[in-house]
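# Structural overview for review
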Amino acid sequence: MQAQRYGTAAGLRLGSNNYSRTVGLTAQQRILKHVTIEGIVQSDFSRNTTMHLLLEQHKPIISKRFNYYYGLGYSFGWEESQVKNPDTREIITTYGNVTNGVDLIGGVEMTLLNTTISLDYKPNFNMSGRQEFYRGQVGISARTVLVKSKTQNKKKRQRARAKRKKNRTPFFEGIKERFGRN
């Protein structure tokens, strides 16, 4: 059973964590039967702007219109960071730190009327640029289905058929090759 109803979908994402509320763009492309690649660009239009590239595995819950997914990916961006100085009891905040990290993601999504609504949790593990090692974000996304899975599968079959036809040897030429006659 297929796990999602779309081949390509794009839309808006609203994210929230302890540091900021973000608005962003999200796009998903199905690359294998149960696998999508998702790109997210999000910002709070002040101190935090991040970009994420995620590989996600989808599994149906009730049908291909309602499923859960999980995955991992890479993120980079410009974020604020807070450093606590225990001696002076000060919190020092810096902005514009170039950050790199590893993301995990887990969520559920439902597709109705060519619209996909998803709710997810996306923890980020910092590799460089930010004092905190871990930040989690809850996100809600609404995407419009741009290419349905039926259409994507049909195009894939047509390309495979054209490739087979191009590589096919005519019947009589194949017989001549087998028996070595010219």
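The notes below deal with the structure included here. (Residues numbered from 1 in each chain as written. Predicted model: local features only at pLDDT ≥ 70, side-chain atom pairs only at ≥ 80, totals over all residues. Heavy atoms only, no water.)

### Observations regarding the sheet that holds strand β3 (residues 35-43)
- An order of β1-β2-β3-β4-β5-β6-β7-β8 is seen for the eight strands of this closed barrel, with the pairing classed as antiparallel. Sheet twist, expressed as the average angle between the axes of neighbouring strands with direction ignored, equals 30 degrees.
- Examined bridge by bridge, β3 and strand β4 (residues 49-63) share nine bridges and lie antiparallel to one another. In the strand pairing of β4, Glu38 is matched with Leu54. (Pairing = 2+ DSSP bridges. Helix = DSSP H or I, 4+ residues; strand = E, 2+ residues; numbered from the N terminus. Axes fitted to C-alpha atoms, helices over the stretch in contact; angles between N-to-C directions.)

### Brief notes about the pairing of strand β7 (residues 115-128)
- Summarising the sheet, strand β6 (residues 90-112) and β7 pair through 11 bridges and their orientation is antiparallel. Pairing of Val102 across the sheet is with Phe125, part of β7.
- Counting the residues in the hairpin turn of β6 and β7 gives two residues, including Leu113, whose phi is positive at 50 degrees.
- As paired elements, β7 and strand β8 (residues 134-148) share 11 bridges and run antiparallel to each other. Its bridge partner lying in β8, Lys122 is registered against Gln137.
- Counted between consecutive antiparallel strands, the loop separating β7 from β8 contains five residues, among which Gly129 sits at a positive phi close to 100 degrees.

### Thoughts on the pattern of salt bridges
- Overall, the coordinates contain eight salt bridges when judged by the stated rule.
- Two residues, Arg13 and Asp120, come together in a salt bridge whose shortest N-O distance is 2.8 Å. Highlighted residues: Arg13 in strand β1 (residues 6-16) and Asp120 in strand β7, separated in sequence by 107 residues. In this structure, Arg13 and Asp120 share a single accessibility class: buried.
- The salt bridge partner of Arg143 is Glu38, with a shortest N-O separation of 3.1 Å. Residue Arg143 is found in strand β8, and its partner Glu38 is found in strand β3; the two are separated by 105 residues along the sequence. Judged on exposure class, the residue Arg143 and its partner Glu38 are both buried. (Salt bridge = Lys/Arg side-chain N within 4 Å of Asp/Glu carboxyl O. Buried < 20%, exposed > 50% of the residue type's maximum accessible area, 1.4 Å probe, protein only.)

### Regarding the packing of aromatic side chains
- Scanning all chains against the criterion turns up four aromatic pairs.
- The interplanar angle of 50 degrees and the centroid separation of 5.6 Å between the aromatic rings of Phe125 and Phe133 together place this pair among those described as tilted.
- An aromatic cluster of three or more residues is present, and its members are Phe125, Phe133 and Tyr134. (Phe/Tyr/Trp six-rings, centres within 6.5 Å; stacked < 30°, edge-to-face > 60°.)

### Describing empty space enclosed by the protein
- Under the counting rule described, the total for this entry stands at one cavity of 30 Å³ or more.
- A volume near 190 Å³ is recorded for the largest cavity.
- Contributing elements (two or more residues each) for the lining of the largest cavity: β3, β4, β5 (66-85), β7 and β8.
- Take the lining of the largest cavity: its biggest share by element is four residues, from β5.
- In the lining of the largest cavity, the residues fall into one nonpolar, 15 polar and four charged. (1 Å grid on protein atoms, 1.4 Å probe; cavity = no way out; pocket = protein on both sides within 12 Å on 5 of 7 lines; lining within 4 Å. Points joined across faces, edges and corners; volume = space filled by probe spheres on them. Nonpolar A, V, L, I, M, F, W, Y, C, P; charged D, E, K, R; others polar.)

### Considering a positive patch on the surface
- On the surface, Arg161, Arg164, Lys165 and Arg168 cluster together into a patch of positive charge.
- One can find Arg168 in the loop between α1 (149-167) and α2 (171-179).
- Residue Arg168 is classed as exposed on the basis of its relative accessible area, which comes to 56%. (Patch = residues over 30% accessible without salt bridge, like charges linked within 9 Å, V, L, I, M, F, W, Y side chains within 5 Å. Areas by Shrake-Rupley, 256 points an atom, 1.4 Å probe, with all protein chains shown as cover. Lys, Arg positive; Asp, Glu negative; His and termini not counted. Charge placed at Lys NZ, Arg CZ, Asp CG, Glu CD.)

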